[in-house]
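# Residue-level structural notes
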2 protein chains.
Amino acid sequence: MDLGTAILRPDSVALIGATDNPQRPGSRPQRFLKSAGYRGRVYLVNPSKPTVQGDPAYADLAELPETPDHAFILTSAERAVDALRSCGELGVPVATILDGGFADAGSDGEDRVAALREIVATTGIRLLGPNSIGVVNLHHAMPLTANSSFAERDRAPGTTFVASQSGSMIGALASKGGVLGASFSGFVSTGSEIDLTLGEICAATLDDDNVRDYLLFVENTRGSAQLRQFALQAYERGKPVVAYKLGRSEVGAELSQTHTGALAGDDALASQFLADSAIARVQTLDGLLEAGPLLHLLPVDHRKRLSVGLLTTTGGGAAMVVDELGVHGIDVVPPSAGTRERIRAAELPGTVSRIVDLTLAGTRREVMTKAVDIMSTAPEFDLVIVAVGSSARSDPDLVLAPIIEAAATTGDGRAAIAPLIVPEAPEALSMLHSAGVAAFHSAESLADVIVAAGRRRTPRPISPAPSYAKAPPLLNELDAYQVLDQYGIPRVASTPVTSAADYDGPFDPPVVAKALAADLPHKSDLGCVVLEIGSPAELDDAIASITSRCAAAGVELDGVIVQPMLESLGEVLLGLRNDPGMGQFVVLSAGGVLTEIYRDTAIRPVPVSRDSALEMISEVKAMKALGGYRGQAAGDLNALADTIVAFSTLATSAQPLDAEINPLLVRADGVVAVDAVIRMSTP
Amino acid sequence: MDLGTAILRPDSVALIGATDNPQRPGSRPQRFLKSAGYRGRVYLVNPSKPTVQGDPAYADLAELPETPDHAFILTSAERAVDALRSCGELGVPVATILDGGFADAGSDGEDRVAALREIVATTGIRLLGPNSIGVVNLHHAMPLTANSSFAERDRAPGTTFVASQSGSMIGALASKGGVLGASFSGFVSTGSEIDLTLGEICAATLDDDNVRDYLLFVENTRGSAQLRQFALQAYERGKPVVAYKLGRSEVGAELSQTHTGALAGDDALASQFLADSAIARVQTLDGLLEAGPLLHLLPVDHRKRLSVGLLTTTGGGAAMVVDELGVHGIDVVPPSAGTRERIRAAELPGTVSRIVDLTLAGTRREVMTKAVDIMSTAPEFDLVIVAVGSSARSDPDLVLAPIIEAAATTGDGRAAIAPLIVPEAPEALSMLHSAGVAAFHSAESLADVIVAAGRRRTPRPISPAPSYAKAPPLLNELDAYQVLDQYGIPRVASTPVTSAADYDGPFDPPVVAKALAADLPHKSDLGCVVLEIGSPAELDDAIASITSRCAAAGVELDGVIVQPMLESLGEVLLGLRNDPGMGQFVVLSAGGVLTEIYRDTAIRPVPVSRDSALEMISEVKAMKALGGYRGQAAGDLNALADTIVAFSTLATSAQPLDAEINPLLVRADGVVAVDAVIRMSTP
């Protein structure tokens, strides 16, 4: 039996730990299944009761007349382990565990988690949860869940599959989504994801024609590798995915050993990971629920700057949209001369400026029809927002019919149409939603979705991040330079010395002397870097000072190296971040003390193409100062782009655990690394 | 007759230009007034019809049996001028003009605006609009408006007065507010504000006991002086004000003559102006509509960091709140040891970490009662958020009664209580709203309001910005320094020279030579600043170069000045922005090229106290680098604060049109201005 069938379309389910106490959440699945009219067989298992809530129960799973397709284990955590083992031994394909007393329950909980893992590994049963509130398939009339929200029966089956790591949120999403026009095919709460993750479950639904798009509520990126695999397939099948992810307020680990960790926190990586998986990451719950239809209409191509036009019957409402989009860096585009001419020829009332404003006139059906037609066929727009005011409430038929008609004929060069209903107008929204139109109820939600959709990039397979049983030490600076040399990354000339006398070549002050040692990321903090050395005598002093300081700090010294002090137009940091699930990321950041204050960074999953490298450079604000800003000398940003690509190649090929060039000097002709930290086993 | 009565509680109204055509917006007020059961007298005026929509009409205003308290002019703009004149001559206290064909209608429109102004000035009539969609007083059953949304009659009178510069938005606010629990006393659309502004109209309602708080939809800050006056009085009477203001996406004028203008755009000033007026500026329309009750509970004191606790029955919902608040820089505070002990002693189910989580247990009434009581009486919290999950939908009585009870007993040290209803649960929200509880329907809206409330500052009267018939030229640098000297702002020693020979005192290289000239803000751009002068010969060269460059550029030279080149730990910009309505603002910004890239500024209305100056310093992120960050030398931030205060005194006392110190060097011992631009008539 395939996984999708067992999870979402089982012909028989066992409720292990079914209970007579209606106050207990574990009593709900039985009631919900009956009330929904689930057509499969439901087996109740309770060791001490012959009947549960009036239906006959079995004392033991082994007594069931057949092996159920799916078992929902409603017992306490203590008993759930044994229940899962019975299921596994009996050959039940999938079991879901409700109780949360595992990962959060101290050392007892840890033991139980280990037991669950062992059962999964040895019996081959697949486990949903623990701490999963269950699965709902509306097309199958199967609310196999303890979420109280599914006591309601009036939800028509739809096309969006919801996967949430939080159990309590599936109820909120179901109820809020109903009002915002989302239509759901089903829900799954994945809980602690000891075995099955959100990505794997979603992947198991990809062949389901009832599922046209996906809505994810993500608490963490535990199962990212599977999420990526799923996202790749969803993209290929044209099934868009939208995600709301917690953790936006996280900052990078302040105490990480490289600066890169502090500059690019896990959530920042997740943003790039999701964008690169063509998953639209929204910032609001309303945006999450309203995104689906518009994601079907907009291209997955972050390089295409979406050109947005605006037609309105409410001046104030339109101004709100323009402002909200503007806050997110998206300018509403005025109609072209040709479009203005067509508007003039059609003798439309109202005013045309950046927006086409039909206030007080737009309630006339023929006016709206002409206006929507002109705007949606205007070649300059990818997306036309139609902001509708009080007429959406007073005369929905009149004002919405033209929008619905035009939206239905979208295609061959026509712009996508997204109506925004400015007043509270549930009837209008419902009309639009029923017609499959990408309608929005707030400017905030609309802007959120447009921005999230526009960040999506064509997904690529990713190589996993390296994993080592034991992390090797950081290479010393000369060994790190050898690695850079292999990948063609320019770096400063560095000469090992024991005294000024053995310094090779002409002494060209000022120079720098540095301690050379493995596992020494922050040399400066220990006083192991001496700058501005002007004479051989000063160099000898510096060598002595570095040697004694390192000895005092217990640093095992490989030697001292001397480098010229190079001038530059600016400094950047180039770093690597590895995440076990999400993969490898290149981080570019402005250098210097203000870097960490402003956290002015760009992040991309590897491999980074040259185009992506140029994008990264344009995303880091401080790079403007290196681009010839206000008449200053321009840095060699082409060389910087080449080096970003080379650094990405280093990451994929050499698979270091850490890699950071800080600073990388940007000069008028080229870039040059003047320090590097790399952690890998063999240089 | 006082203004408030004439606008909002008229005993008689005239509808000038009343029309039989039901399609025309001008036909609506007559129908709405009748349908609402308005008890005053309604006089219809139409020169060509004896009856309008079945009611008798007068051909001329002069024929009316009495002078109406309020005239609503529904004619086209062309005729509205004459109608206003008739009203003014007849002694009508207030007239509202619907049509928008004035400010937006080219030179004809400008002529009409001038005519309106003249009528107002000569007859004493007060004018609302033009382009006002009217006024609604729900307590007076008076929908004197053409906004189609007021065809509905089911709005119960409430306590929030809505003033909007946009006419179409009052309908949207009315309908959306109804769903979000806002209860409105009335609405006004102020339109073009040729005479009456939003602030003056709101002020006219301050004595109305039906009005307990205010909701503003602001398109521009035209009438800011009156808004400030109103806000001061509203604050004194404990009537909170919330505002949504358009223009957030505006940036400063790039081409302004000083950098200050580019760094501090009008909208940034408006944010500070509103905060300083104790007006909570929200960023979302939902926040605007849900803010009222919570604003009554939270203190107007931006220096008090609000301590927020969180109790929840939905793990995922609570995580969303924590995250959304975190994005806005507000950390949810964990319960103290004492509170945890009380929770333990009460044997509450669920878990206690940063939040108190009753998931699956909170639906029991006694559990919720105890938990809410412990949290709201815990001394460590100012505000307790109670995030309620699906039980709000399935068992609203059970879970909400304890919240309503606890909210009713708020006072004497108890924390304010703000429930967040995570699922769609209109019944639950309605119960909470009816009980006057500060309930929210989304984490985004809740966070928006908490942040906006926390930014409010105790309002102070402000002195108006200076106004000149003709702007005087910029002072030359030495004259500007004389002004700084008067206010005790340290500046660099500057010696006027004609040649190196007449340079007074020992020559201590390196020095700087600069052109001295009035009206020369960007000396460097013309090559009129020569740095790093190392010898008297170089000085003579520099003087010659400056003289010839200025001659070539047509700059009238007052001479050349020489200054020592001072070292510093960092540079800042200190500037002044004047706005005719909002007053004067001091702008502090990080100096150097990255300043304009990051727009890292702090802005305060003058006068700036020393405490406020220290706040400004802490708001500018780059100042961290001057505060001894990562072991670097610390700049003298106390001296910087003193200088900000002195600069504010300069602004209030000398009333310059422009003033900018750029850069102001921050050194280990003190600060020093090394350039200054001031525009005022007498130094």
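Quick caveat, the model's predicted, so the values are computed rather than measured.

Rules used in this analysis
- Residues numbered from 1 in each chain as written.
- Chains lettered and ligands numbered in written order.
- Predicted model: local features only at pLDDT ≥ 70, side-chain atom pairs only at ≥ 80, totals over all residues.
- Heavy atoms only, no water.
- Axes fitted to C-alpha atoms, helices over the stretch in contact; angles between N-to-C directions.
- Helix = DSSP H or I, 4+ residues; strand = E, 2+ residues; numbered from the N terminus.
- Parallel < 35°, antiparallel > 145°, perpendicular 65-115°, else oblique.
- Contact = heavy atoms within 4.5 Å.
- Nonpolar A, V, L, I, M, F, W, Y, C, P; charged D, E, K, R; others polar.
- Pairing = 2+ DSSP bridges.
- 1 Å grid on protein atoms, 1.4 Å probe; cavity = no way out; pocket = protein on both sides within 12 Å on 5 of 7 lines; lining within 4 Å.
- Points joined across faces, edges and corners; volume = space filled by probe spheres on them.
- Buried area = accessible area lost by both parts, 1.4 Å probe.
- Salt bridge = Lys/Arg side-chain N within 4 Å of Asp/Glu carboxyl O.
- Polar contact = N/O pair within 3.5 Å; in protein donor to acceptor, adjacent residues only side chain to side chain.
- Least-squares fit on C-alpha atoms with pLDDT ≥ 70 in both.
- Domains from an automatic or database assignment.
- Buried < 20%, exposed > 50% of the residue type's maximum accessible area, 1.4 Å probe, protein only.
- Core = buried A, V, L, I, M, F, W, Y, C linked by side-chain atoms within 4.5 Å.
- Phe/Tyr/Trp six-rings, centres within 6.5 Å; stacked < 30°, edge-to-face > 60°.
- Lys NZ or Arg CZ within 6 Å of the ring centre and 35° of its normal.

A few words now on the packing of helix H3 (residues 77–90) of chain A against helix H4 (residues 106–123) of chain A. All names here are of chain A. Where H3 contacts H4, the axes come no closer than 10 Å and their chain directions differ by 5°. Taken together, H3 and H4 sit at an angle that is classed as roughly parallel. Here Ala77, Glu78, Val81, Leu84, Arg85, Gly88 and Glu89 of H3 come into contact with H4, specifically with Arg112, Ala115, Leu116, Glu118, Ile119 and Thr123. Here the contact of H3 with H4 is built from residues that sort into six nonpolar, two polar and five charged.

As a further point, take the sheet that holds strand E11 (residues 184–189) of chain A. All names here are of chain A. Spatially, the seven strands line up as an open sheet ordered E9-E8-E11-E10-E12-E13-E14, and their pairing is mixed. Since the sheet does not close on itself, it has two edges, and those belong to strand E9 (142–145) and strand E14 (279–282), each with one partner. Here the average twist between neighbouring strands, direction ignored, is 15°. Bridging between strand E8 (residues 134–137) and E9 involves four bridges; their strand directions are antiparallel. Opposite Val136, over in E9, you have Pro143 as the bridge partner. Relative to the sheet, helix H9 (residues 266–276) contacts strand E13 (241–245) and E14, its axis offset from that of E14 by approximately 140°.

It is worth spelling out empty space enclosed by the protein at this point. Residues and elements named next belong to chain B. Under the criterion given, the structure shown has nine cavities of 30 Å³ or more. Its boundaries defined by the atoms lining it, the largest cavity holds a volume of some 70 Å³. As for the largest cavity, its lining consists of Gln165, Glu193, Thr197, Leu198, Gly199, Val218, Asn220, Thr221, Arg222, Gly223, Ser224 and Leu227. Split into classes, the residues belonging to the lining of the largest cavity amount to three nonpolar, seven polar and two charged.

To continue, consider the interface of chain B and chain A. Counting residues at the interface gives 62 residues for chain B, matched by 61 residues for chain A. Carbon and sulfur atoms make up 57% of the surface buried where chain B meets chain A, a total of about 4,900 Å² over both sides. Per-residue buried area on chain B facing chain A is highest for Asp323, Ile597 and Tyr598 of chain B; these three make up 13% of the total on that side. Along the contact surface separating chain B from chain A lie four salt bridges. Glu324 of chain A serves as the salt-bridge partner of Arg248 of chain B, at 2.8 Å between the closest nitrogen and oxygen. Summed over the shared surface of chain B and chain A, the result is 24 residue pairs in polar contact (both at pLDDT 80 or more). At the level of secondary structure, the elements contributing two or more residues to the side of chain B that touches chain A comprise helix H5 (168–180), strand E13 (241–245), helix H10 (285–297), helix H11 (315–327), helix H14 (391–394) and helix H20 (594–598) of chain B.

Mapping chain B onto chain A is achieved by rotating through 180° and translating by 0.1 Å along the same axis, at an RMSD of 0.1 Å. The superposition of one copy onto the other is thereby described by a two-fold rotation axis. When each C-alpha of chain B is compared by its distance to the rotation axis, Tyr598 of chain B comes out closest, at 4.1 Å.

Attention shifts here to the domain arrangement of chain A. Residues and elements named next belong to chain A. Along its sequence, chain A is carved into domain 1 (3–239), domain 2 (299–455), domain 3 (493–564) and domain 4 (570–679). Using only C-alpha atoms to locate each centre, domain 3 and domain 4 end up separated by 27 Å. Facing five residues of domain 3, the contacting portion of domain 4 comprises four residues. It is Lys514, Pro521 and Lys523 in domain 3 that bury the most area against domain 4; as a group they hold 71% of the surface buried on that side. Taken together, the connections running from domain 3 to domain 4 amount to two salt bridges. When the shortest N-O distance is used, the salt bridge between Lys523 and Asp675 registers 3.4 Å. Its residues assigned to classes, the side of domain 3 that touches domain 4 shows one nonpolar, one polar and three charged.

Residues and elements named next belong to chain B. Spatial strand order, E9-E8-E11-E10-E12-E13-E14: seven strands in an open sheet with mixed pairing. Two strands bound the open sheet, and with one partner strand each, they are strand E9 (142–145) and strand E14 (279–282). Put simply, the sheet's adjacent strands are angled 15° from each other on average, direction ignored. Strand contacts of H10: strand E11 (184–189), strand E12 (213–218), E13 and E14, with the helix running at about 165° to E13, the strand carrying the most contacts.

Residues and elements named next belong to chain B. Position of Asn578 among the secondary structure elements: in strand E24 (residues 570–579). The class for Asn578 is buried, based on a relative accessible area of 17%. Among the polar contacts listed, one links the side chain of Asn578 to the side chain of Gln584, at a separation of 3.3 Å. There is a polar contact of 3.0 Å between the side chain of Asn578 and the backbone oxygen of Pro656. Residue contacts for Asn578: discarding those within four places in its chain leaves Ala465, Pro466, Gly583, Gln584, Pro656, Leu657 and Asp658.

A separate point is the pattern of salt bridges. Opposite charge on two side chains makes pairing possible when the charged atoms of those side chains draw close. Taken as a whole and judged by the stated rule, the model has 64 salt bridges over all chains. We note a salt bridge from Arg460 of chain A to Asp276 of chain A, for which the minimum N-O separation is 3.0 Å. A residue pair is termed long-range when its members are at least 10 positions apart, and Arg460 of chain A in the loop between helix H17 (443–454) and helix H18 (477–486) and Asp276 of chain A in helix H9 qualify at 184 residues. A relative accessible area of 27% means that Arg460 of chain A is categorised as partly exposed. Of the charged contacts, one joins Arg248 of chain B and Asp323 of chain A as a salt bridge, the two residues approaching to 3.3 Å between their closest N and O atoms. Of this pair, Arg248 of chain B sits in the loop between E13 and helix H8 (259–263) while Asp323 of chain A sits in helix H11 (residues 315–327), which puts the two residues in different chains. Relative accessible area serves as the criterion here: at 5%, Asp323 of chain A is assigned to the buried category.

Another point: the nonpolar core. Leu216 of chain A together with Leu216 of chain B are the most contacted members of the largest nonpolar core, which has 210 residues in total. Those residues in contact with Leu216 of chain A that sit more than four places away from it in its chain are Ala163, Leu198, Cys202, Leu227, Val241, Val242, Ala243, Tyr244 and Leu288 of chain A.

With that settled, the discussion passes to the pairing of strand E24 (residues 570–579) of chain A. Residues and elements named next belong to chain A. Counting buried positions over the ten residues of E24 gives nine, a clear majority of the element. Two strands pair when backbone bridges link them, and E24 and strand E27 (residues 658–667) are joined in this way by six bridges, in the antiparallel orientation. When the sheet's bridge partners are listed, Gly575 is paired in E27 with Glu660. The antiparallel pairing of E24 with strand E25 (residues 583–590) creates a hairpin that spans three residues between the two strands.

All right, on to the packing of aromatic side chains then. Residues and elements named next belong to chain A. What the rule picks out here adds up to 13 aromatic pairs over all chains. Relative to Tyr58, the ring of Tyr43 lies with its centre 6.0 Å away and its plane at 70°, an arrangement referred to as edge-to-face. Placement of Tyr43 in strand E2 (residues 41–45) and of Tyr58 in strand E4 (residues 55–58) is noted, with a sequence separation of 15 residues between them. Residue Tyr43 is classed as buried on the basis of its relative accessible area of 9%. Cluster of aromatic residues (ring-pair linked, three or more members): Phe150, Phe184 and Phe187. A cation over an aromatic ring shows up here: Arg155 above the ring of Phe150, its NZ or CZ 5.3 Å from the ring centre.

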